[in-house]
Amino acid sequence: MKPLTEQEIRTAFVNCTKGEAKRLSVPRDLAERPWDDLDYLGWRDPQAPERAYVVAESGDGPKGIVLRCPGTTVGQLRRSMCSLCVTTHTGGVSLMVAPKAGKAGQQGNSVGAYMCSDLACSLYVRGKRDAGVGGRMHESLTLEEKIQRTVANLAAFIAKVTA
């Protein structure tokens, strides 16, 4: 992914108002992000842990979506799989819900997907972050195919948000 500026990130959001995009908490460490290893930029809001954000490249520039997710809960020990990168975690996957863009979102419609709670799918796929024992299943896909699958799964989710 190409590095993004704060302004590019703020203008990319498709499922919130311009005012909300101006007020959202953008990471302060953009220069230190491992952009070459990222397929998308994802982060949790440190001031509001139940909010998360994803910005991904698309054919017509970056697209960002606002997500709602559960806060950290104690005692979640069941194993779940991320629908984007197909990594399994014990307590590290959350149902992330995005309001739909436009009139549908204003009427309260939303779509959801189970995603890595830390939104670090790109790093799990590349083996740069460890999901623990059994986190990555043995697959016959190449690394490039796994990356393409993750990007396609995220693109499909964003398409549902913007439909």
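As a reminder, the structure under discussion sits directly above these lines.
About the cut-offs
- Per-chain numbering applies: the sequence of each chain, read as written, is numbered from 1 onward.
- In keeping with the model being predicted, local features are shown solely for residues with a pLDDT of at least 70 and side-chain atom pairs are shown and tallied solely at 80 or more, while totals for entire chains, interfaces and linings include all residues.
- Just so you know, side-chain values use all the structure's heavy atoms and leave hydrogens and water out.
- Numbered from the N terminus, helices here are DSSP runs of H or I no shorter than four residues, and strands are runs of E no shorter than two.
- Just to be clear, the radius of gyration here is over C-alpha atoms, and the globule rule we use is 2.2 Å times residues to the power 0.38.
- Ring pairs are drawn from Phe, Tyr and Trp, using the six-membered ring of Trp, whenever the two centres fall within 6.5 Å, and their geometry is named by plane angle: stacked under 30 degrees, edge-to-face over 60, tilted for the rest.
- For each residue, the accessible area found with a 1.4 Å probe, counting protein chains only, is set against the maximum for its type, and the residue is called buried under 20%, exposed over 50%, and partly exposed in between.

**As for the overall build of the chain**
The helix and strand inventory of the chain stands at 5 helices and 7 strands. The N-to-C order of helical and strand elements in the chain reads α-α-β-β-β-β-β-β-α-β-α-α. Here the C-alpha atoms of the chain give a radius of gyration of 15 Å, agreeing with the 15 Å that 2.2 N^0.38 yields for 163 residues. Here the C-alpha coordinates of the chain stretch approximately 45 × 35 × 30 Å along the principal axes.

**Structural notes on the packing of aromatic side chains**
For the structure on display, the rule yields 2 aromatic pairs. An angle of 85 degrees between the planes, with centres 5.9 Å apart, marks the rings of Phe13 and Tyr53 as edge-to-face. Of the two residues, Phe13 sits in the loop between helix H1 (6-12) and helix H2 (18-23) while Tyr53 sits in strand E2 (residues 48-56), which places them 40 residues apart along the sequence. With respect to burial, Phe13 and Tyr53 carry one shared label: buried.

**Section: the environment of Ser117**
Its location among the elements puts Ser117 in the loop between strand E7 (110-116) and helix H4 (121-125). The exposure class of Ser117 is buried, given its relative accessible area of 16%. As for Ser117 and Ala48, which are separated by 69 residues in sequence, their C-alpha atoms are 14 Å apart.

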